[in-house]
Protein chains: 2
Amino acid sequence: MKEILRQVMSQTIPIAQDEWEAFEPHIFTKTVKKREQLIRLGQISTEIAVIIKGSFRQYHIIEGEEKTTFFFFDNQFVCNYESILLQTPSNIVIEAMEDCELLYFKNETMQRLYRLYPKYEVFGRLIAENVYLCAMERLNTFLLNSPEGRYRKFLEHHDSQQILNRVPQHYIASYLGITPVSLSRIRARVARQARELA
Amino acid sequence: MKEILRQVMSQTIPIAQDEWEAFEPHIFTKTVKKREQLIRLGQISTEIAVIIKGSFRQYHIIEGEEKTTFFFFDNQFVCNYESILLQTPSNIVIEAMEDCELLYFKNETMQRLYRLYPKYEVFGRLIAENVYLCAMERLNTFLLNSPEGRYRKFLEHHDSQQILNRVPQHYIASYLGITPVSLSRIRARVARQARELA
DNA sequence: TGATTTTCTTATCTTAAGTTATCGTTTTGC
DNA sequence: GCAAAACGATAACTTAAGATAAGAAAATCA
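Throughout what follows, the structure given in this document is the object of discussion. Keep in mind that what you see is a predicted model, and the values were worked out from it rather than measured.

On to the protein's contact with DNA strand D. With respect to spatial proximity, 16 residues lie near DNA strand D, and among them Gln169 and Ser184 of chain A together with Thr179, Ser182 and Arg185 of chain B are the closest. Here the atoms of DNA strand D within 4 Å of the protein split so that 70% fall in sugar or phosphate, with bases taking the remainder. One of the side-chain nitrogen or oxygen atoms of lysine 34 of chain B is found 3.2 Å away from a phosphate oxygen of DNA strand D. Serine 182 of chain B is positioned with one of its side-chain polar atoms (N or O) 3.3 Å from a phosphate oxygen of DNA strand D. Sorting elements by how many residues they give to the surface near DNA strand D places helix H9 (residues 180-197) of chain A first, with five residues. A per-class count over the surface near DNA strand D returns six nonpolar, five polar and five charged.

Structure follows, in structure tokens:
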């Protein structure tokens, strides 16, 4: 099963056998039940996980309201990257939307590998570059698109089987930076326009 | 003058003498006049610069409209990081808002240093982590705040001497994801509320 | 310096998002 | 299996942002 992590990592940079063997013993498994919190408010993150099965959402709590700001699905890394990098208490919650199976390792393990194998340092850089590009792409949808435009982009970029049918709509609304009511109206508008075109 | 770059880099990680001497000959200077473009549309970026004096803005062109999405000021790195990382043509323009003086180096120089000195690889990772954190902070202002809230945060986080007085207001509006007219109204509203409190 | 352009504010009108509430429907938990 | 909770659509109303235009002030520059 740990091979899945190796495969996911290899999408970024190939890991040689000796490099893998130094890592492998420090990988563990974990299950998280639906609605359980993987990352809690105020906790300093020390672990990085990969999702074998299931999905998570990340949310801020703003004036008592949960604001969903990210989703995590199968074969993705899930962690509070900011808390790990800065060693600051988490200002977000990461919570299972389904029963989940995870592989995980300690950040300190990765820090040790950084020092022992240059390859892992490169891996660390590539990961950071990658999450930066993702963050920028998401930021640009806010800078360059209206709420309706963001919803249309969201539809284009996400397989409806993969996400739409697995995630309650009001989480998606929050993710798009709008209210559930507003998303419902946008959906009605978009559907009406699609019908008029046909 | 090149020492300024070393100082800026040292805010991230200290650079030893031999590491610096391998780098120093590959650093050059450049001046850019107000309104000149440092990064052009469609060009693949190869250079990374540090601003000694002056400021830049970054903009997308969407349906003929310039959408200002970022500012760069003194002692900051300026480049099209995405274009450099992915080796894709630039979808943005970076243009001088004032007459500017720059230090710059080729990305390939940094790539070579990555291989020669582990320290530079670490530097590369830390830079990537850093720009990620900045991108997330900016993304969160969109996810968690209204336009007025974003403007208030913008005021808090930016010295008005540093930015506000140097940057035309309609660029700031664009940066906040709103129209110039809307920003003008928000300013009037905020000022009125401040007056009522007093 | 005088003309032109840029910048910002203000006003009007339109459009869309926020708020609140209601009502079926589905899901969940005992 | 049933009661409670969660979910999504919709409606009515409020609020704020977008579009457009006009005008004053400031910056630019020839």
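This is not the end of the story, as more comes after the structure.
Residues and elements named next belong to chain A. Put simply, helix H4 (residues 107-116) and helix H5 (residues 118-144) touch, their axes get as near as 5 Å, and they point 125° apart. When the interaxial angle is binned, H4 and H5 end up oblique. Two packed elements cross with a definite hand, and for H4 against H5 that hand is left-handed. Across from Met110, Leu113, Tyr114 and Leu116 in H4, the residues of H5 making contact are Pro118, Tyr120, Glu121, Phe123 and Gly124.

A few words now on the sheet that holds strand S5 (residues 65-72) of chain B. Sheet strands associate in pairs through backbone hydrogen bonding, adopting either a parallel or an antiparallel arrangement. The strand order across the open sheet formed by four strands is S2-S7-S4-S5 (chain B), and the pairing between neighbours is antiparallel. The sheet terminates laterally at strand S2 (37-39) and S5 of chain B, the two strands that pair on one side only. In this sheet, neighbouring strand axes are inclined to one another by 35° on average, regardless of whether the strands run parallel or antiparallel. Of the strand pairs in this sheet, strand S4 (residues 56-62) of chain B and strand S7 (residues 93-96) of chain B are connected by four bridges, and their pairing is antiparallel. Following the sheet pairing, glutamine 58 of chain B is matched in S7 of chain B by isoleucine 94 of chain B. On the sheet, H5 of chain A packs against S4 and S5 of chain B and is oriented at approximately 130° with respect to S5 of chain B.

All right, on to helix H4 (residues 107-116) of chain B then. All names here are of chain B. Considered for burial, the residues of H4 that qualify are Asn107, Thr109, Met110, Leu113 and Tyr114. Looking straight down H4, one finds its buried side chains confined to an arc of 155°; they lie on one side. The exposed residues of H4 that point more than 90 degrees off its buried face are Glu108, Arg115 and Leu116.

Quick look at the side chain of asparagine 107 of chain B now. Residues and elements named next belong to chain B. Mapped onto the elements, asparagine 107 comes out in helix H4. With a relative accessible area of 12%, asparagine 107 lands in the buried category. Leave out the neighbours within four places in its chain, and asparagine 107 touches Thr46, Glu47, Ile48 and Ile84.

Facing the 29 residues of chain A at the interface are 28 residues of chain B. Between chain A and chain B the total buried area reaches about 2700 Å² when both faces are included, carbon and sulfur atoms providing 74% of it. Run the count over chain A and chain B and you get two salt bridges. Along the contact surface separating chain A from chain B lie two residue pairs in polar contact (both at pLDDT 80 or more). Of all the elements, H5 of chain A adds the most residues to the side of chain A that touches chain B, at 17 residues. Across the side of chain A that touches chain B, the residue classes tally to 17 nonpolar, six polar and six charged.

Thresholds applied
Residues numbered from 1 in each chain as written. Chains lettered and ligands numbered in written order. Predicted model: local features only at pLDDT ≥ 70, side-chain atom pairs only at ≥ 80, totals over all residues. Heavy atoms only, no water. Near = heavy atom within 4 Å. Polar contact = N/O pair within 3.5 Å; in protein donor to acceptor, adjacent residues only side chain to side chain. Helix = DSSP H or I, 4+ residues; strand = E, 2+ residues; numbered from the N terminus. Nonpolar A, V, L, I, M, F, W, Y, C, P; charged D, E, K, R; others polar. Axes fitted to C-alpha atoms, helices over the stretch in contact; angles between N-to-C directions. Parallel < 35°, antiparallel > 145°, perpendicular 65-115°, else oblique. Left-handed = near helix turned anticlockwise from the far one by under 90°. Contact = heavy atoms within 4.5 Å. Pairing = 2+ DSSP bridges. Buried < 20%, exposed > 50% of the residue type's maximum accessible area, 1.4 Å probe, protein only. Arc of directions from axis to C-beta. Buried area = accessible area lost by both parts, 1.4 Å probe. Salt bridge = Lys/Arg side-chain N within 4 Å of Asp/Glu carboxyl O.

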